[in-house]
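Overview (structure and organization)
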Amino acid sequence: MAPTLYRGSRPAKAHTDRARDWAEIQERMLVPLYDAVHERLGVGPGTRLLALNCGSGLALLLAAARGAVVTGYDTDPARLRLARERLGTLRADAHIAEPAHIAGPAHTAEAPHIAEPFRLRPGTPDAAGLRGAGYGVVTALDPAVPAGALRPALAAVAATACKGSAVVLAGWGPPERCAAAAVLRVAARLAEPRGGSGPDGAGTGAGTRTGTGTRTDACPAGPVPRFSGRDDLEDLAAEAGLHPDGSGRVACPFGYPDQAAAVRGLLSTGLFDSAVAATDPQQVEKELAEALHPYRRRDGTVRMENVFRYLVARA
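I will try to describe carefully the structure that is included in this document. Being a predicted model, the structure only gives us computed values, none of them experimental.

Some thoughts on the side chain of Glu 27
Among the secondary structure elements, Glu 27 is positioned in the loop between α1 (18-26) and α2 (31-40). In this structure Glu 27 touches Trp 22, Tyr 34, Cys 54, Ser 56, Gly 57, Leu 58, Ala 59 and Arg 86, once residues within four positions along its chain are discounted.

Spelled out as structure tokens, the structure:
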């Protein structure tokens, strides 16, 4: 399993490269989640896997290393470019079938023809693009993606998937099990309009709660972090016409070599974009650094214990 502690370093001028910070610092914190899902669903040779919001491709790379045929969609061009770099390390002569031309059961050992070892597509898949693809596993594992952004793709998956295909949704666990909850409150507080806080400090601005642990507010800059309720993932699956078939929880500690790396990694999630738009980058970074103080160790490293939840649904 890949290490969850980021150990690298890059020039300060790359500080604003959020996509690369996500790829090099933050995404690996979710490796335990990726591994747990792949293990539970038996991802391996013959598995045809589609990843929604695949980001910089680490989960796809791990699935491909198990022998799966992988396809990923993402709306962020910068992350998608990094995913192509990562997946470009796969053998060019790998015996992998082109997913768009495969029909049949969710798992098969036969490949109709040889093609590139992965597929990456910008945007969000629609029913026309998925029809006949025969994906046996579909994943949506980025907990920062609002449910509203997932619904169209999930509906397309439900309308075209083979009967019994697995669709996996992931979200933050209960806030009392996630140390990052206290840090993410900084984003929620700074993103609220002035005077918009209610008696509980949660804010009264209009927003739509999502099933993946975030909320879409009136501010267009990005999702505001909100931890998912007990049945949010189930509700999201049901809305798409999918049937829940089990769930699990996975410990995903966030580990960083120092406070600066922690700030960069957390900012790369996009969950602080609304806060930056409502205030300024310097204020967000300052308050984020202050919120990280309780999680700094004597050696300067930062560690936050977190639990993520995933739902397995069936078409």
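Now, onward.
Topic: the sheet that holds strand β6 (residues 137-140)
Within a beta sheet, neighbouring strands are joined by backbone hydrogen bonds and run either parallel or antiparallel to one another. Judged by pairing direction, the sheet is mixed, and its seven strands sit side by side in the order β5-β2-β1-β6-β7-β14-β11 without closing on themselves. This sheet does not close on itself; its edge strands, each paired only once, are β5 (118-122) and β11 (243-251). Strand-to-strand, the axes of this sheet are offset by a mean angle of 20°, without reference to chain direction. Seen against the sheet, α2 touches β1 (48-52), β6, β7 (166-172), β11 and β14 (307-314) and runs at an angle of roughly 140° to β11. With respect to the sheet, helix α4 (residues 77-87) is in contact with β2 (69-74) and β5, its orientation differing from that of β5 by roughly 175°.

So, the environment of Val 69
For Val 69, the position within the fold is in strand β2. Taking the C-alpha atoms as reference, Val 69 lies 8.5 Å from Leu 50; in sequence the two are 19 residues apart.

Structural notes on the nonpolar core
Counting residues in each nonpolar core, the largest one holds 64 residues, and the members touching the most others are Val 183, Phe 254, Tyr 256, Leu 266, Phe 272, Leu 292 and Met 304. Residues within four places of Phe 272 in sequence aside, it is in contact with Val 183, Leu 184, Val 186, Ala 187, Leu 266, Leu 267, Val 284 and Leu 288. Ranked by size, the runner-up nonpolar core spans 24 residues in total, among them Val 138, Val 145, Ala 156 and Ala 240.

Let's talk about the packing of aromatic side chains
Throughout the structure, instances matching the rule amount to three aromatic pairs. By way of ring pairs, the aromatic residues Trp 172, Phe 254 and Phe 308 are connected into one cluster. If you follow Arg 79 out to its NZ or CZ, it ends over the ring of Trp 22, 4.3 Å from the centre.

Remarks on unusual backbone geometry
Despite not being glycine, Asn 53 has its phi angle at roughly 55°, a positive value. Relative to the helices and strands, Asn 53 resides in the loop between β1 and α3 (58-65).

So, the environment of Ala 313
Inspection of the secondary structure assignment puts Ala 313 in strand β14. Using a relative accessible area of 0% as the deciding quantity, one classes Ala 313 as buried. For the pair Ala 313 and Leu 242, spaced 71 residues apart in sequence, the C-alpha to C-alpha distance is 5.9 Å. The residues touching Ala 313, leaving out its near neighbours within four places in the chain, are Ser 165, Ala 166, Val 167, Ala 237, Leu 242, His 243, Pro 244 and Asp 245.

A closer look at the pairing of β14
Most of β14 is tucked away, with seven of its eight residues classed as buried. Alignment of β7 against β14, held across seven bridges, turns out to be antiparallel. Paired with Val 167 across the bridge in β14 is Ala 313. The pairing of β11 with β14 spans seven bridges and is classified as antiparallel. Bridge pairing in β14 places Pro 244 opposite Ala 313.

Some details on the pattern of salt bridges
Applying the stated criterion across every chain, the model contains 14 salt bridges. Between Asp 21 and Arg 264 there is a salt bridge; the shortest N-O distance is 3.0 Å. Remark: Arg 264 occurs in helix α9 (residues 259-267) and Asp 21 occurs in helix α1; sequence separation between them is 243 residues. For the pair Asp 21 and Arg 264, one class covers both residues: buried. Across the pair Asp 245 and Arg 314 runs a salt bridge, and its minimum N-O distance is 3.0 Å. Linking Asp 245 in strand β11 with Arg 314 in strand β14, this pair joins segments that are 69 residues apart in sequence. Overall, Asp 245 belongs to the partly exposed group, its relative accessible area being 42%.

Topic: α4
Those residues of α4 not exposed but buried are Arg 79, Leu 80, Leu 82, Ala 83, Arg 86 and Leu 87. Projected down its long axis, α4 shows its buried positions confined to an angular sector of 160°, all on one face. Away from the buried face of α4 by more than 90 degrees, exposed residues Pro 77 and Arg 81 are located. Turning to α4, the residues buried within the fold contact α1, α3, β2 and β5. The backbone nitrogen of Ala 78 lies 2.9 Å from a side-chain oxygen of the residue at the head of α4, namely Asp 76.

Thresholds applied
- Residues numbered from 1 in each chain as written.
- Predicted model: local features only at pLDDT ≥ 70, side-chain atom pairs only at ≥ 80, totals over all residues.
- Heavy atoms only, no water.
- Helix = DSSP H or I, 4+ residues; strand = E, 2+ residues; numbered from the N terminus.
- Contact = heavy atoms within 4.5 Å.
- Pairing = 2+ DSSP bridges.
- Axes fitted to C-alpha atoms, helices over the stretch in contact; angles between N-to-C directions.
- Core = buried A, V, L, I, M, F, W, Y, C linked by side-chain atoms within 4.5 Å.
- Buried < 20%, exposed > 50% of the residue type's maximum accessible area, 1.4 Å probe, protein only.
- Phe/Tyr/Trp six-rings, centres within 6.5 Å; stacked < 30°, edge-to-face > 60°.
- Lys NZ or Arg CZ within 6 Å of the ring centre and 35° of its normal.
- Salt bridge = Lys/Arg side-chain N within 4 Å of Asp/Glu carboxyl O.
- Arc of directions from axis to C-beta.
- Polar contact = N/O pair within 3.5 Å; in protein donor to acceptor, adjacent residues only side chain to side chain.

Scope: geometric values only; no functional claims are made or implied.
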